[in-house]
Amino acid sequence: MSKVIVVTSGKGGVGKTTTSAAVSAGLAMRGHKTVVVDFDVGLRNLDMIMGCERRVVFDFINVIQGDAKLKQALIKDRRLENLFVLPTSQTRDKDALTQEGVKAVLDELRQEFDYIICDSPAGIERGAHLAMYYADEAIVVTNPEVSSVRDSDRVLGLLNSKTALAEKGDGSAIKAQLLLTRFDQQRSSNGEMMSVEDVLEILAIPLLGIIPESPTVLRASNVGMPVTLDEKSAAGKAYEDAVGRLVGEQIEMRIGSAEKRGFFQRLLKRTA
Amino acid sequence: MFGFSLRPRKPSPAATAKERLQILLAHERAGGASPEFLPLLQRDILEVVRRHMEIDGEQVEVKIERGDELSSLEINIELPGASKIKAKAG
């Protein structure tokens, strides 16, 4: 059975698109046929993070409006056999997304794919609302920082009330899990940054994973590669673990620290 | 590490990022990210081909590759196989 999973956060810049790319690549690496859909109409960016920006022909909005078939708008990843991207429009605005249109596209994708990852825009307006509306599960991306945690709490409220599952009224609910990103163990131990336990105590949802702050995330986005494809990246490994948990595996929660520094780098850091 | 290397240098991730952005933005500033004419072009091509043979919209694949120096547009139209044509004639 196929699953629609929304990657959401409320706050911008916490790592939704990075997470959408990393998780969808991780699922495809495990052999699941996966599509990642950009809901940020007007501010297309998933294509850049996935490295397929030069190959966009038709988009989500073209499909909704009947100007192109879904098959024509899907871009096949060149690195992973099971991975596809549905880019959004760069020229339209979010009003081009209609509830019926989104439903029709997601229903068609469900026929074809095991996992449908919806990359939500920031905020709680139309784009974000429709990205979560038909989801079965949610990944709530949160930084250990006050405004991000607050916005995540707000988004959790919306997931529990303004979605198709919640509106059924039979007690069914979206399964929401927390992904803590840009976590720095050292700063947390120093008491500078909230701990994993602090954030979990406040948001009270299951923990899907902890992604350490890592320079490899910027490197991956520079070259248009999901960070899970970088074997040396601590963040990539943490995402792989999170993907394992997402598909139901029992994987011990480890707090990955940043990549091991070489002797010279450590020396330089110390004198800096 | 010491400022030179015998191996040919791979562009740094930052240089790759800059180049990707420059190419993409040049295209976007010139005429919109996803040219609005593409659905229209597809419709027109279908219309012309249909004058000569029967195909449906599902059988058209449009691919684009935006480059620095030049871009390419590739249009594949899947034609019905012999068995289908026979069935139609019969």
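An unreviewed UniProt entry lists chain B under the name Cell division topological specificity factor, with Paracoccus aestuariivivens given as the organism. As its UniProt record puts it under Sequence similarities (unreviewed entry), chain B is described as follows: "Belongs to the MinE family." Under the heading Function (unreviewed entry), UniProt records this for chain B: "Prevents the cell division inhibition by proteins MinC and MinD at internal division sites while permitting inhibition at polar sites. This ensures cell division at the proper site by restricting the formation of a division septum at the midpoint of the long axis of the cell."

With an unreviewed UniProt entry as reference, chain A is termed Septum site-determining protein MinD, source organism Paracoccus aestuariivivens. What UniProt records for chain A under Sequence similarities (unreviewed entry) is the sentence "Belongs to the ParA family. MinD subfamily." Listed under Subunit (unreviewed entry) in UniProt, the entry text for chain A is "Interacts with MinC and FtsZ."

Caption draft 1: Summary view of the sheet that holds strand 4 (residues 83-86) of chain A. All names here are of chain A. Overall, mixed pairing links the 8 strands, which are arranged 3-4-2-5-1-6-7-8 in an open sheet. Taken across any chain shown, the strands that pair with only one partner, and hence form the sheet edges, are strand 3 (75-76) and strand 8 (207-212). Here 5 bridges tie strand 2 (residues 34-38) to strand 5 (residues 115-119), and the two strands are oriented parallel to one another. Residue Asp38 lies in a different strand from strand 5, and its bridge partner there is Asp119. Here helix 10 (residues 196-203) sits on the sheet and contacts strand 6 (137-142), strand 7 (175-183) and strand 8; the angle it forms with strand 7, its principal contact strand, is near 150°. Where helix 12 (residues 234-246) meets the sheet, its contacts fall on strand 1 (3-8), strand 6, strand 7 and strand 8, and the angle it forms with strand 8 comes to roughly 175°.

Caption draft 2: Fine view of the interface of chain A and chain B. Opposite the 25 residues of chain A that make contact, chain B presents 27 residues. In total, about 2300 Å² of surface goes out of reach between chain A and chain B, with carbon and sulfur atoms giving 50% of it. The largest per-residue losses of area from chain A upon contact with chain B belong to Arg54(A), Val57(A) and Asn222(A), which jointly make up 29% of the total buried on that side. Along the contact surface separating chain A from chain B lie 2 salt bridges.

Caption draft 3: A look at the UniProt feature "binding site: ATP" (unreviewed entry) in chain A. Residues and elements named next belong to chain A. In the numbering used here, UniProt assigns the feature "binding site: ATP" (unreviewed entry) to Lys11, Gly12, Gly13, Val14, Gly15, Lys16, Thr17 and Thr18. Its location among the elements puts Gly12 in the loop between strand 1 and helix 1 (16-29). Looking at where Thr18 falls in the secondary structure, it is placed in helix 1. Sequence-distant contacts of Thr18, that is, excluding residues within four places in its chain, are made with Val217 and Tyr239.

Caption draft 4: Representation of helix 2 (residues 37-50) of chain B within the structure. Compared with the 20 Å implied by 1.5 Å per residue over 14 residues, the 20 Å span of helix 2 of chain B between its first and last C-alpha is a close match. Looking at helix 2 of chain B, one finds that the buried residues are Leu38(B), Pro39(B), Gln42(B), Leu46(B) and Val49(B). Each buried residue of helix 2 of chain B sits inside an arc of 100° when the element is viewed along its axis, so together they form one side. Its buried side turned inward, helix 2 of chain B meets helix 3 (60-64) and helix 4 (70-73) of chain A together with strand 1 (60-65) and strand 2 (72-77) of chain B.

Caption draft 5: How the structure looks around the UniProt feature "domain: AAA" (unreviewed entry) in chain A. As recorded in UniProt, the sites labelled "domain: AAA" (unreviewed entry) are residues 3-149 of chain A. The span residues 3-149 of chain A shows a helical share of 37% and a strand share of 19%, and its end C-alpha atoms are spaced 26 Å apart.

Caption draft 6: Inspection of the pattern of salt bridges at higher detail. Residues and elements named next belong to chain A. Summed over the entire model, instances satisfying the criterion amount to 14 salt bridges over all chains. We note a salt bridge from Asp107 to Lys103, for which the minimum N-O separation is 2.9 Å. Of the two residues, Asp107 and Lys103 both sit in helix 5 (residues 99-112), 4 residues apart, roughly one turn of that helix. Taking the relative accessible area as the measure of exposure, Asp107 reaches 34% and is therefore partly exposed. In this structure, the salt-bridge partner of Arg187 is Glu192, at a minimum N-O distance of 2.9 Å. Looking at Arg187, the relative accessible area reads 39%, which means it is partly exposed.

Quick notes on the rules
Residues numbered from 1 in each chain as written. Chains lettered and ligands numbered in written order. Predicted model: local features only at pLDDT ≥ 70, side-chain atom pairs only at ≥ 80, totals over all residues. Heavy atoms only, no water. UniProt positions renumbered as here; feature names shortened; annotations may be inferred. Pairing = 2+ DSSP bridges. Helix = DSSP H or I, 4+ residues; strand = E, 2+ residues; numbered from the N terminus. Contact = heavy atoms within 4.5 Å. Axes fitted to C-alpha atoms, helices over the stretch in contact; angles between N-to-C directions. Buried area = accessible area lost by both parts, 1.4 Å probe. Salt bridge = Lys/Arg side-chain N within 4 Å of Asp/Glu carboxyl O. Expected span 1.5 Å × (residues − 1). Buried < 20%, exposed > 50% of the residue type's maximum accessible area, 1.4 Å probe, protein only. Arc of directions from axis to C-beta.

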